[in-house]
Amino acid sequence: MRKAYFVLTVLLLISVVFQFYFAALGVFGPQGEDDNLFGFHRVNGSIVLPVLSLLAVIFAALARAGARTVWLTALPILLIAVQYLLFIIGGLVGGGDEDNPTVGTAVILGLHAVNGLAVLGTIITLMTRARARAFPKAGAVDEARPAV
Ligand code: HEM
């Protein structure tokens, strides 16, 4: 179970790195309404990342990773919800429309990139912790076991 949890955190890391790449793909690709490349970013962000995160939470619990790690594993789901929330708040507070947003909207939507960094940072932390549990160093003191 610990190894499966670790593998999921690696998949999460790959997915989040692609998420940044897909954002750039959308920005630098064609900008037509039907032929833009933002679909990859949307699908990865709204399906792949949340599903992997959910599976990681389940496997963290099955691997008995501890309550704090299980909650930390759930954090990306909350942060992804914030990504959507920023679009809603940006529209409400800033005004303007999709094609011609105001500076206020842009200031709030810029946080989408910062929050993306928070998702990346959380996943790196999770992967580091999961690796330490899946592959404890030979000779390292296992605090869970009493010394003989
Ligand atoms: C973990 C990181 C990220 C996640 C989970 C994420 C998630 C999402 C999701 C789910 C959407 C679709 C929203 C909708 O359909 O209403 C979206 C849209 C968008 N994201 Fe991200 N995002 C992330 C990082 C970034 C970064 C780093 C950038 C750019 C610096 C970015 C730029 C955009 C843009 C420009 C859109 C609007 C695309 C459109 O026109 O539909 N995202 N993001």
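Please read these numbers as outputs of a predicted model, since none were measured by experiment. (Residues numbered from 1 in each chain as written. Predicted model: local features only at pLDDT ≥ 70, side-chain atom pairs only at ≥ 80, totals over all residues. Heavy atoms only, no water.)

How do you make sense of the environment of Lys3 when you look at a structure like this?
Topologically, Lys3 is positioned in helix α1 (residues 2-28). It is 45 Å that separates the C-alpha atoms of Lys3 and Val93, two residues lying 90 residues apart in sequence. In this view, Lys3 contacts Ala134 and Phe135; residues no more than four positions away in its chain are not counted. (Helix = DSSP H or I, 4+ residues; strand = E, 2+ residues; numbered from the N terminus. Contact = heavy atoms within 4.5 Å.)

It is not clear to me how the coordination of the iron atom of the ligand should be interpreted in this structure. Could you clarify?
Donor atoms from the polypeptide that bind the iron atom of the ligand are His41 (NE2) and His112 (NE2), placed at 2.0 Å. Note that the iron atom of the ligand binds six donor atoms; their angles at the metal cover 89 to 179°, and the shape is octahedral. Of this pair, His41 sits in helix α2 (residues 38-62) while His112 sits in helix α5 (residues 111-134), and the two are 71 residues apart along the sequence. Both residues of the pair, His41 and His112, count as buried. (Donors = N, O, S within 2.8 Å, 3.2 Å for Na, K, Ca; no water. Tetrahedral: all angles 85-135°; square planar, octahedral: opposite > 155°, others 65-115°. Buried < 20%, exposed > 50% of the residue type's maximum accessible area, 1.4 Å probe, protein only.)

Whenever I open this one, the layout of surface pockets confuses me. Can you help?
Here the idea is plain: a probe the size of a water molecule rolls over the atoms and shows the empty space left. Roughly 1400 Å³ of internal volume is contained in the largest pocket. Surrounding the largest pocket, 34 residues form its lining, Phe38, His41, Arg42, Phe87 and His112 being those nearest its centre. Take the lining of the largest pocket: its biggest share by element is six residues, from α2. Broken down by class, the residue content of the lining of the largest pocket amounts to 14 nonpolar, 15 polar and five charged. (1 Å grid on protein atoms, 1.4 Å probe; cavity = no way out; pocket = protein on both sides within 12 Å on 5 of 7 lines; lining within 4 Å. Points joined across faces, edges and corners; volume = space filled by probe spheres on them. Nonpolar A, V, L, I, M, F, W, Y, C, P; charged D, E, K, R; others polar.)

Teacher, can you tell me more about the site of the ligand here?
Near the ligand you find 17 residues, and of these Gln19, His41, Arg42, Gln83 and His112 are the closest. With respect to the ligand, the side chain of Gln19 contributes an N or O atom lying 3.5 Å from a nitrogen atom. Assessed atom by atom at 2 Å from the grid points, the ligand resides in the largest pocket. Listed by contribution, the elements that provide at least two residues to the shell around the ligand are α1, α2, α3 (67-94) and α5. It is α2 that contributes the most residues to the shell around the ligand, five residues altogether. For the shell around the ligand, the per-class residue count stands at 10 nonpolar, six polar and one charged. (Near = heavy atom within 4 Å. Polar contact = N/O pair within 3.5 Å; in protein donor to acceptor, adjacent residues only side chain to side chain. Sits in = over half its atoms within 2 Å of the grid points.)

The values are spatial; any link to function lies outside them.
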